[in-house]
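# Understanding the architecture of this molecule
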Amino acid sequence: MAEGAQKRLQSELDKFQTVQKDVAKHVGLRQQLEGQLSENTLVKEELDRLQEGAGVFKMVGPALIKQDLKEAKQNVQKRIDYINGELKRHEKLIKDLEKTADGHRENLNKLQQQFQQAQVKAAAKA
């Protein structure tokens, strides 16, 4: 009985640790996206300060290519929209993974109690 409970406990612990690693990975990705969003927001603010017809250059490989201001603003806005969408997706994923982790945590607590009870019973018989 105790061995079966111990195996279930170990299996549940492995699942819980896997979910925790996934949460940590997605939190890291979310932080990276937040950094990119911040950078792009600053770029958008800088582009908004420019007067119409101002020279804007885009780096393509080692070369700077002249770009239309309106086009540059559109590109930055598209990046901001994309990053916001990715942030929302990661937030939802993290929330779902945390719910899963909570379920595993509850199962771990139950299994741990069962395992301890089995050990007490085994000790009482001995």
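Here's a quick rundown of the structure. Note that the structure is predicted; figures quoted are calculated from it, not measured. (Residues numbered from 1 in each chain as written. Predicted model: local features only at pLDDT ≥ 70, side-chain atom pairs only at ≥ 80, totals over all residues. Heavy atoms only, no water.)

### What about the overall build of the protein?
The number of helices and strands found in the protein is two helices and two strands. Put simply, the protein runs from its N terminus to its C terminus through helices and strands in the order α-β-β-α. Computed over the C-alpha atoms, the radius of gyration of the protein is 26 Å, more than 25% above the 14 Å expected from 2.2 N^0.38 for a compact globule of 126 residues. Dimensions of the protein, computed from the C-alpha atoms along their principal axes, are close to 90 × 25 × 15 Å. Every one of the 126 residues in the protein was classed for burial, and the buried ones make up 24%. In the protein, once contacts between residues fewer than 6 apart in sequence are set aside, the share between residues at least 24 apart is 73%. For the protein, the distance from the average position of its 23 positive side-chain charges to the average position of its 19 negative side-chain charges is 6 Å. (Helix = DSSP H or I, 4+ residues; strand = E, 2+ residues; numbered from the N terminus. Rg over C-alpha atoms; globule rule 2.2 N^0.38 Å. Buried < 20%, exposed > 50% of the residue type's maximum accessible area, 1.4 Å probe, protein only. Contact = heavy atoms within 4.5 Å. Lys, Arg positive; Asp, Glu negative; His and termini not counted. Charge placed at Lys NZ, Arg CZ, Asp CG, Glu CD.)

### Here we look at the pairing of strand 1 (residues 56–60)
Here strand 1 pairs with strand 2 (residues 63–67) via five bridges, running antiparallel. Looking at the pairing, Lys58 lines up with Ile65 of strand 2. Counting the residues in the hairpin turn of strand 1 and strand 2 gives two residues, including Gly61, whose phi is positive at 65 degrees. (Pairing = 2+ DSSP bridges.)

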